[in-house]
Amino acid sequence: MTTSAAARDQHLDELRALMAAHSPPIHALLVPSEDAHQSEYVSERDKRRQFISGFTGSAGLALITAKEALLWTDGRYFLQATQQLSDRWKLMRMGEDPPVEVWIADNLLDGAVIGIDSWCISVDCAQRYEQAFLKKNQMLLELSSDLIDEVWKERPPNDALPVNVHPVEFTGRSVAEKIKELREKLQHEKATAIVITALDEVAWLYNVRGDDVHYSPVVHSYAIVTLHNAFFYVDKRKVTNEVENYMAGNGIDIREYHMVQPDVSLLSSGQLQGSVVNGNLDVEKDIKGQEHSKIWIDSNSCCLALYSKLRQDQVLMLQSPIALPKAVKNPMELDGLRRAHIRDGAAVVQYLAWLDNQMQEHYGASGYFSEANGSQKKEHLEKVKLTEVSVSDKLEGFRAEKEHFKSLSFPTISSVGPNAAIIHYSPEANTCAELDADKIYLCDSGAQYLDGTTDITRTVHFGKPSEHEKSCYTAVLKGHIALDAAVFPNGTTGHSLDILARTPLWKNGLDYRHGTGHGVGSYLNVHEGPHLISFRPSARNVPLQASMTVTDEPGYYEDGNFGIRLENVLIVKEADTKFNFGAKGFLSFEHITWAPYQTKLMNTALMTPAEVEWVNLYHSDCRKILASYLNDEEKEWLRKATEPITMSS
């Protein structure tokens with residue numbers, strides 16, 4: 001989806017005309033990034049904020065008034081937004097500028113009407129906005145249609161891609177088990193039903209996958225589960241005979257996607273009936289007989305459009321009971337993730353070995369191992385051009401050859417020099433940079449395999465890195481190792497652990513503007529909650545538990561110069577400690593990502609003996625684990641890349 005700046009300016013004018021003509025007139029329009037399921041990554045037809053603003057990052061919120069256009073985004077995207085927004089837009093930096101609701105309350109008039117597509121805003125957000133708007137009696141107006149859609153004349157169609165059943169050999173648990181456990185949680189909370197809106201939660205619960213969103217194997221769908229019925233709301237054009245029989249066999253009614261809102265209304269009035277009864281009717285009668293039986297929603301993922309169909313006194317607003325079981329992987333999921341990461345690591349090694357060869361052959365680079373000067377492009381091979389996109393396509397090719405490969409897990413961040421300083425840089429074929437042997441190259445990539453989702457970042461230099469680049473890389477590596485080696489008591493949150501990865505950077509007056517770790521799905525979303533490792537307050541909400549996955553990805557970025565990030569996926573495991581203070585039990589990490597760190601970027605004089613030992617042991621394991629996936633040349637490259645390092649004075 002590419003639109004010129006002039007076309008976007010015209011769309012902005014058309015949108016303002018619609019706002020003025022609306023009854024009542026709309027003084028400001030909120031345009032979130034999210035879809036009707038509050039997804040981080042959305043389908044092409046749901047990229048409304050990108051369409052109107054031109055900003056392509058995955059996180060952000062646009063606000064359009066009669067005279068101003070503002071875009072809020074987080075620290076990962078400050079530089080990118082500065083480059084992509086036209087002069088008609090103002091960038092608002094989250095964490096530095098006032099939040100959108102405060103800006104509205106302070107800058108718009110008393111009684112101002114703020115329009116929103118109620119499908120694209122969570123209950124949490126809506127309630128926070130409404131509270132702020134009380135200051136001036138401003139109103140959050142639920143629009144009957146999305147005004148962006150009215151000016152987006154070439155909005156992509158709603159394709160009917162098939163739903164797929166994800167076999168138990170990969171999921172490790174049957175649908176029947178999951179629904180039974182969910183109903184037990186409903187009973188415990190005296191609830192008669194739950195409305196499930198997050199796409200990965202519906203996919204996980206019903207063991208289905210799809211292709212409705214690039215990079216995330218999910219299906220646009222909702223679920224409602226009561227104590228004796230279960231419903232799957234999906235475009236029926238996507239339902240094959242196999243899926244129809246599978247759902248019927250598990251006691252799940254298939255309804256049309258758009259029927260979810262009227263069915264939530266029926267649920268609210270106790271009139272929602274399914275064709276299959278597969279739960280305990282007596283239990284439901286007992287709970288319904290109680291005065292305060294509830295309908296469970298997760299206010300962080302449930303949209304305002306569905307919430308508004310429920311009576312407030314009957315709503316139970318708690319974190320989804322699916323979030324934790326999905327995040328805490330079962331043994332089969334963990335084994336699948338380990339296997340997927342081994343194959344993925346082999347693809348990354350094949351890629352780095354290939355790229356090293358190409359940089360030396362076509363650019364005269366000193367290469368992955370040497371720091372010799374004189375890396376210049378060879379005149380007679382000028383027609384061979386390696387770009388950020390062309391080399392990332394090669395990496396995808398190596399992955400595609402691996403067993404169970406389905407797709408990438410996010411757009412590859414293949415970035416050279418100054419582009420590597422753009423934290424979530426997304427190269428485009430017609431504008432991306434050419435590789436440069438004298439600049440740092442950062443590659444953050446991942447894949448979707450049937451048995452697991454991967455996410456890995458490595459930063460390399462094919463010429464002679466500066467001492468400053470080496471010291472920055474080493475500080476990032478030290479933080480990366482510190483988190484990997486952590487041992488901590490049960491009950492510890494990612495908020496408490498975040499400092500471990502930052503301390504080596506802080507000692508040099510450096511830092512980074514993103515979290516340190518996120519959960520990773522099992523052939524699901526590459527960014528998975530509810531836990532995370534971050535400085536953000538939300539990281540205090542959920543303690544890490546054994547069998548969760550989480551990334552370890554500190555970084556450092558110098559605008560206009562370079563960026564460095566190192567990332568592995570970790571599994572939280574029980575730690576074998578000598579003592580057990582307070583009988584809490586202790587946890588540690590198991591890294592499952594396998595690819596070498598570039599030793600020529602390390603300044604070992606800045607490293608401790610324990611850190612040097614960690615690198616050497618990790619590299620030794622890389623050789624053993626990946627060898628069977630590589631040819632002789634690749635094995636030799638890996639052997640050289642993982643030679644032991646020693647302390648230097």
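In this text the structure is predicted, and so the values were computed from the model without any measurement.

**Some points on the overall build of the protein**
Right, so step 1: The secondary structure content of the protein amounts to 20 helices and 28 strands.
Right, so step 2: The C-alpha radius of gyration computed for the protein amounts to 26 Å, which stays within 12% of the reference 26 Å derived for 649 residues, consistent with globular compactness.
Right, so step 3: Structurally, the protein occupies a C-alpha span of about 75 × 60 × 50 Å along its principal axes.
Right, so step 4: The buried share of the protein, taken over its 649 residues, is 58%.
Right, so step 5: In the protein, once contacts between residues fewer than 6 apart in sequence are set aside, the share between residues at least 24 apart is 71%.
Right, so step 6: Accessible area for the protein stands at about 26300 Å²; split by element, carbon and sulfur atoms hold 50% of it.

**Let's talk about the side chain of Asn419**
Right, so step 1: Its place among the elements puts Asn419 in the loop between strand E16 (413-416) and strand E17 (440-445).
Right, so step 2: Under the relative-accessibility criterion, Asn419 is labelled buried at 18%.
Right, so step 3: Polar contacts involving the side chain of Asn419 include one to the side chain of Glu388, which spans 2.9 Å.
Right, so step 4: Other than its neighbours up to four places away in sequence, Asn419 contacts Glu388, Tyr425 and Ala433.

**Re the packing of helix H8 (residues 175-188) against helix H9 (residues 199-206)**
Right, so step 1: Relative to each other, H8 and H9 sit at 115°, their axes nearing to 7 Å. Taken together, the residues of H9 that come into contact with H8 (itself represented by Val175, Lys178, Ile179 and Leu182) are Trp204, Leu205 and Tyr206.
Right, so step 2: Partitioning the contact of H8 with H9 into residue classes produces 6 nonpolar, no polar and 1 charged.

**A word on the sheet that holds strand E4 (residues 90-93)**
Right, so step 1: If you trace the 6 strands from one edge of the open sheet to the other, you get E4-E3-E2-E1-E5-E6, paired in mixed fashion. The open sheet has two edge strands, E4 and strand E6 (139-143), and neither has a second partner. With direction set aside, neighbouring strand axes in the sheet form an average angle of 25°.
Right, so step 2: The sheet contact formed by strand E2 (residues 61-65) and strand E3 (residues 69-73) spans 4 bridges and is antiparallel. From the neighbouring strand, Ile64 faces E3, where its bridge partner is Ala69.
Right, so step 3: Contacts from helix H4 (residues 100-107) reach strand E1 (28-32), E2, E3, E4 and strand E5 (113-117) within the one sheet, and its direction differs from that of E2 by about 15°.
Right, so step 4: Sitting on the sheet, helix H5 (residues 123-133) touches E1, E2, E5 and E6, and the angle it makes with E6 is about 140°.

**As for the pairing of strand E27 (residues 568-574)**
Right, so step 1: In terms of residue burial, E27 counts as a mostly covered element, since 5 of its 7 residues are buried.
Right, so step 2: In terms of strand pairing, strand E24 (residues 549-552) meets E27 through 4 bridges, oriented antiparallel. Paired with Val550 across the strands is Leu570, a residue of E27.

**Side note on the packing of aromatic side chains**
Right, so step 1: A complete count under the given rule lists 19 aromatic pairs for this structure.
Right, so step 2: Judged by centre distance (6.4 Å) and plane angle (75°), the ring pair of Trp72 and Trp103 falls under edge-to-face. With Trp72 in strand E3 and Trp103 in helix H4, the pair connects residues that are 31 residues apart, well separated along the chain. Trp103 shares its class with Trp72; the two are buried.

**Description of the packing of helix H17 (residues 467-484) against helix H18 (residues 494-506)**
Right, so step 1: Interaxial distance between H17 and H18 falls to 7 Å at its minimum, and their mutual angle equals 155°. Taken as axis vectors, H17 and H18 run roughly antiparallel relative to one another. The way H17 lies across H18 gives a crossing that is right-handed. Each of Ala475, Val476, Lys478, Gly479, Ala482 and Leu483 in H17 lies in contact with H18, whose residues at this interface are Leu497, Leu500, Ala501, Pro504 and Leu505.
Right, so step 2: Residue composition of the contact of H17 with H18, grouped by class: 9 nonpolar, 1 polar and 1 charged.

**Brief notes about unusual backbone geometry**
Across residues other than glycine, the phi torsion is negative in most instances, and most of the peptide bonds are trans.
Right, so step 1: Residues Ser23 and Pro24 are joined by a peptide bond in cis, for which omega reads 0°.
Right, so step 2: Residue position: Pro24 is located in the loop between helix H1 (5-21) and E1.
Right, so step 3: Note that the residue after Gly529, namely Pro530, is joined by a cis bond; omega there is 10°.
Right, so step 4: Its location among the elements puts Pro530 in strand E23 (residues 528-533).
Right, so step 5: In this structure, Tyr215 is a non-glycine residue whose phi angle is positive, near 80°.
Right, so step 6: Position of Tyr215 relative to the elements: it lies in the loop between strand E9 (208-209) and strand E10 (221-226).
Right, so step 7: Among the residues examined, Tyr215 registers a relative accessible area of 29% and is labelled partly exposed.
Right, so step 8: Phi angles above zero are rare outside glycine, and His404 is one such case at about 70°.

**Digging into the environment of Met332**
Right, so step 1: Residue placement: Met332 occurs in helix H15 (residues 331-363).
Right, so step 2: Sequence separation of Met332 and Tyr363 is 31 residues, and the distance between their C-alpha atoms is 45 Å.

**Some points on the nonpolar core**
Right, so step 1: Counting residues in each nonpolar core, the largest one holds 67 residues, and the members touching the most others are Tyr351, Leu355, Met359 and Leu477.
Right, so step 2: Ranked by the residues each element gives to this core, the list is headed by H15, at 11 residues.
Right, so step 3: Setting aside its immediate chain neighbours within four residues, Leu477 contacts Leu566, Tyr597, Met602, Met607 and Val615.
Right, so step 4: Listed in part, the 42 residues of the second largest apolar core include Leu30, Val100, Tyr233 and Tyr307.

**Description of the pairing of E16**
Right, so step 1: Residue alternation in E16 divides its side chains into two sets, Ile413 and Ser415 and Ser414 and Val416, and both sets are buried.
Right, so step 2: Note: E16 against E17, 4 bridges, orientation antiparallel. Within E17, the residue paired with Ser414 across the bridge is Cys443.

**Some details on a nonpolar patch on the surface**
Right, so step 1: A contiguous nonpolar surface patch, about 260 Å² in accessible area, is contributed by Ile499, Leu500 and Trp506.
Right, so step 2: With respect to the helices and strands, the residue Leu500 is situated in helix H18.

**A word on the pattern of salt bridges**
Right, so step 1: Using the criterion set out here, one finds 36 salt bridges in the structure.
Right, so step 2: Residue Glu181 is joined to Arg173 by a salt bridge in which the shortest nitrogen-to-oxygen separation is 3.2 Å.
Right, so step 3: Two residues, Lys470 and Glu467, come together in a salt bridge whose shortest N-O distance is 3.7 Å. Pair noted here: Lys470 and Glu467 are both in helix H17, with a separation of 3 residues, about one helical turn.
Right, so step 4: A relative accessible area of 9% means that Lys470 is categorised as buried.

Cut-off values and rules
- Residues numbered from 1 in each chain as written.
- Predicted model: local features only at pLDDT ≥ 70, side-chain atom pairs only at ≥ 80, totals over all residues.
- Heavy atoms only, no water.
- Helix = DSSP H or I, 4+ residues; strand = E, 2+ residues; numbered from the N terminus.
- Rg over C-alpha atoms; globule rule 2.2 N^0.38 Å.
- Buried < 20%, exposed > 50% of the residue type's maximum accessible area, 1.4 Å probe, protein only.
- Contact = heavy atoms within 4.5 Å.
- Areas by Shrake-Rupley, 256 points an atom, 1.4 Å probe, with all protein chains shown as cover.
- Polar contact = N/O pair within 3.5 Å; in protein donor to acceptor, adjacent residues only side chain to side chain.
- Axes fitted to C-alpha atoms, helices over the stretch in contact; angles between N-to-C directions.
- Nonpolar A, V, L, I, M, F, W, Y, C, P; charged D, E, K, R; others polar.
- Pairing = 2+ DSSP bridges.
- Phe/Tyr/Trp six-rings, centres within 6.5 Å; stacked < 30°, edge-to-face > 60°.
- Parallel < 35°, antiparallel > 145°, perpendicular 65-115°, else oblique.
- Left-handed = near helix turned anticlockwise from the far one by under 90°.
- Core = buried A, V, L, I, M, F, W, Y, C linked by side-chain atoms within 4.5 Å.
- Patch = residues over 30% accessible without salt bridge, like charges linked within 9 Å, V, L, I, M, F, W, Y side chains within 5 Å.
- Salt bridge = Lys/Arg side-chain N within 4 Å of Asp/Glu carboxyl O.

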